[in-house]
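Geometric and topological summary
One letter stands for each residue in the lines below.
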Amino acid sequence: MTTAQAVGAVSREAAEWYALDWQAIHRNVRRLQVRIVQATKASRWGKVRALQRLLTHSYSGKVSAVRRVTENKGKKTPGVDQEIWDTPEKKIQAVHALKRRGYQSQPLRRVYIPKSDGKTMRPLGIPTMKDRAQQALHLLALDPVVETTADHNSYGFRQQRSCADAIEQCFKTLSKPNPQWILEGDIKSCFDRISHDWLLAHVPMDRAILQKWLKSGYMEKTRPSRNNGWDPTRRNYLTRAFQLRVGWTGAALEGKVPDKKASLLLRR
């Protein structure tokens, strides 16, 4: 004997989410990213900005951003508003609400997690889901520029690169005859001392949005602060500018540093 089980009707918003063609969405995003790379290589910065705006206002870009923040490890961790997007209805509502006009970032929720030594704690800033989605959306447009202009021996927080790649490059460099120098640098209080003015002037993205993130601050036990967290892409962009300013480029890892014949390992 068969039994019938009653199920509720799927809402219109849930049906829209389930009906998404992710392969087509991925193609649309990648097509625009490829055009951004081509414009960056040609130094057509006006074209780069126009394509970035097209990507950040596209339906495919918004859907991809919402999917990224709702399917990663932090999808169940809320920000200061205690909101998470855990249903198809909420995800589609977030896609349609992901707009530049009227957007205002909220403070990060600061928590403390143990460091690798297990004794000391380090602060961690948790944005709201809406801010995470905006950051993921603009990252889609910023990443092609950063990956095109970044140093070829930079490995931290880079797509399709890992610690093993850095180890391989170190091995190739140090296996050459008579290596004389290995320099290791660490940027002290990078997140706290990073120049907001420089970022606003040089990072190729929507400056109005970037400025809002810079001023959002964080909440610690309901007490606001003006400091802010940073995603690795913008930090990599600043590090690349530092390398160009002081003359340490990818040639450093190839033993071609002027005057010093050194190898520079810049830890970030």
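Residues numbered from 1 in each chain as written. Predicted model: local features only at pLDDT ≥ 70, side-chain atom pairs only at ≥ 80, totals over all residues. Heavy atoms only, no water.

Considering the pairing of strand β2 (residues 121-126)
Under the convention used in this document: When DSSP finds two or more bridges between a pair of strands, those strands are recorded as paired. Numbering goes from the N terminus for both helices and strands, where a helix is a DSSP run of H or I of at least four residues and a strand is a run of E of at least two.
Where strand β1 (residues 108-114) lies against β2, 6 bridges are found, and the strand directions are antiparallel. What sits directly across from valine 111, in β2, is leucine 124. Counting the residues between successive antiparallel strands, the hairpin from β1 to β2 contains 6 residues, one of them, glycine 118, with a positive phi of roughly 75°.

Here we look at the pattern of salt bridges
Defined as follows: Should a side-chain nitrogen of Lys or Arg be within 4 Å of a carboxyl oxygen of Asp or Glu, the pair is scored as a salt bridge. Throughout this description, buried means an accessible area under 20% of the type-specific maximum (1.4 Å probe, protein chains only), exposed means over 50%, and partly exposed covers the range between.
The tally for this structure, following the rule as stated, stands at 5 salt bridges. For aspartate 86, the salt bridge goes to lysine 90, with nearest N and O atoms at 3.3 Å. According to the relative accessible area criterion, lysine 90 is partly exposed, its value standing at 34%. Here arginine 158 makes a salt bridge to glutamate 147, at a shortest N to O gap of 3.0 Å.

Looking at the environment of lysine 75
Selection criterion: Only heavy atoms enter the contact rule, under which two residues are in contact if any of them lie within 4.5 Å.
Position of lysine 75 relative to the elements: it lies in the loop between α4 (59-70) and α5 (88-97). Through-space distance from the C-alpha of lysine 75 to that of aspartate 86 is 7.9 Å; in sequence the pair is 11 residues apart. Apart from residues no more than four positions distant in its own chain, lysine 75 is found in contact with Val69, Thr70, Ile84 and Met129.

Re the nonpolar core
Across soluble globular proteins, you tend to see nonpolar side chains buried next to one another. Basically, it comes down to this: We define a nonpolar core as any set of buried Ala, Val, Leu, Ile, Met, Phe, Trp, Tyr and Cys residues linked to one another through side-chain atoms lying within 4.5 Å.
In terms of nonpolar packing, the biggest core is built from 16 residues, with Trp17, Val63, Val66, Val69, Trp85 and Leu98 touching the most fellow members. Secondary structure elements with two or more residues in this core: α4, α5 and α6 (129-149). When residues no more than four places from it in sequence are discounted, the contact partners of tryptophan 17 are Trp22, Val63, Val66, Arg67, Pro88, Lys91, Ile92 and Val95.

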